[in-house]
Amino acid sequence: MVQATPFLLVLFLALGAHGVSVKKCSLTGRWVNDLGSNMTIGTVNADGSFVGSYHTAVTATSNEIKVSPLQGSMQKSPNQKGQPTLGFSVNWSFSDSITVFTGQCFVDDDGKEVLKTMWLLRSRVENIKNDWKATRIGNNVFTRL
Ligand code: BTN
């Protein structure tokens, strides 16, 4: 029994540390990405759905940038092991475009939450012949503000 105590203590601390890292990946709050865009996400509902707002720092248009709504979903299946996957779309209020993001919320080695995402930006084109040039692809890394 005496010999088992240090082992149990180490096990408890290891599980505790793991539990903390899993819990920290919460989407709610304010985020900034590598382009300087700001995003605010509200409460994540029990089914994983959420809404928020997005203030992009850049645009593919010549329009004045305005804060735009986003809606998304975070994986909340029963076998979720932390560091959840997620997706959201931004319906730009100042252009004809839509962007969809997909990614994962990680806790990095310093215990900081990081959203690693990829995105597709669909711009409106005048006709089907221009469809080939209507979609841009990229990645963004978000950190908590
Ligand atoms: C548009 O130009 O039609 C709307 C704005 C698009 C901004 C893009 S979405 C992907 C990338 N990440 C950002 O934070 N902003 C750009």
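Residues numbered from 1 in each chain as written. Predicted model: local features only at pLDDT ≥ 70, side-chain atom pairs only at ≥ 80, totals over all residues. Heavy atoms only, no water.

- In the annotation of an unreviewed UniProt entry, the entry for the chain reads Avidin, and the organism field reads Daphoenositta chrysoptera.
- As recorded by UniProt, the Sequence similarities (unreviewed entry) comment attached to the chain reads in full: "Belongs to the avidin/streptavidin family."
- On record in UniProt, under Subcellular location (unreviewed entry), the comment for the chain is "Secreted". (UniProt positions renumbered as here; feature names shortened; annotations may be inferred.)

Examining the environment of Leu 120
Thought 1: Note that Leu 120 resides in strand 7 (residues 113–122).
Thought 2: Residue classification places Leu 120 among the partly exposed positions, given a relative accessible area of 40%.
Thought 3: Between the C-alpha atom of Leu 120 and that of Gly 138, which follows or precedes it by 18 residues, the distance is 6.7 Å.
Thought 4: Beyond its immediate chain neighbours, meaning those up to four positions away, Leu 120 contacts Ile 98, Thr 99, Val 100, Thr 135, Arg 136 and Ile 137. (Helix = DSSP H or I, 4+ residues; strand = E, 2+ residues; numbered from the N terminus. Buried < 20%, exposed > 50% of the residue type's maximum accessible area, 1.4 Å probe, protein only. Contact = heavy atoms within 4.5 Å.)

A look at the sheet that holds strand 5 (residues 85–91)
Thought 1: Around the barrel, which closes on itself, the 8 strands sit in the order 1-2-3-4-5-6-7-8 with antiparallel pairing between neighbours. Along the sheet, successive strands turn relative to each other by an average axial angle of 30 degrees, direction set aside.
Thought 2: When strand 1 (residues 29–33) meets strand 8 (residues 135–144), the two strands line up antiparallel, connected through 3 bridges. Bridge pairing links Val 32 to Thr 143 in strand 8. (Pairing = 2+ DSSP bridges. Axes fitted to C-alpha atoms, helices over the stretch in contact; angles between N-to-C directions.)

A closer look at the pattern of salt bridges
Two side chains with opposite charge may pair up if their charged atoms get near one another.
Thought 1: Inspection of the entire model under this criterion finds 3 salt bridges.
Thought 2: With a shortest N-O distance of 2.8 Å, Arg 122 and Asp 131 are connected by a salt bridge.
Thought 3: Note on Arg 122: relative accessible area 35%, which makes it partly exposed.
Thought 4: The exposure class of Asp 131 is partly exposed, given its relative accessible area of 36%.
Thought 5: Taking the shortest distance from any N to any O, the salt bridge between Arg 124 and Glu 126 comes out at 3.2 Å.
Thought 6: Residue Glu 126 is classed as exposed on the basis of its relative accessible area of 60%. (Salt bridge = Lys/Arg side-chain N within 4 Å of Asp/Glu carboxyl O.)

Here we look at the site of the ligand
Thought 1: In the neighbourhood of the ligand, 16 residues make up the surrounding shell, with Ser 37, Tyr 54, Thr 59, Ala 60 and Asn 140 lying closest.
Thought 2: In the environment of the ligand, an oxygen atom lies 2.9 Å from a nitrogen or oxygen atom belonging to the side chain of Ser 97.
Thought 3: For the ligand, the protein covers 98% of the area, taking 410 Å² as the surface of the free molecule.
Thought 4: For the shell around the ligand, the class distribution of residues is 7 nonpolar, 9 polar and no charged. (Near = heavy atom within 4 Å. Polar contact = N/O pair within 3.5 Å; in protein donor to acceptor, adjacent residues only side chain to side chain. Areas by Shrake-Rupley, 256 points an atom, 1.4 Å probe, with all protein chains shown as cover. Nonpolar A, V, L, I, M, F, W, Y, C, P; charged D, E, K, R; others polar.)

Here's the deal with the pairing of strand 4 (residues 68–74)
Thought 1: Here strand 4 shows a buried face lined by Ser 68, Leu 70, Gly 72 and Met 74 and an unburied face lined by Pro 69, Gln 71 and Ser 73.
Thought 2: Bridge analysis of strand 4 against strand 5 gives 5 bridges, and the strand direction is antiparallel. Of the residues in strand 5, the one forming a bridge with Met 74 is Leu 86.

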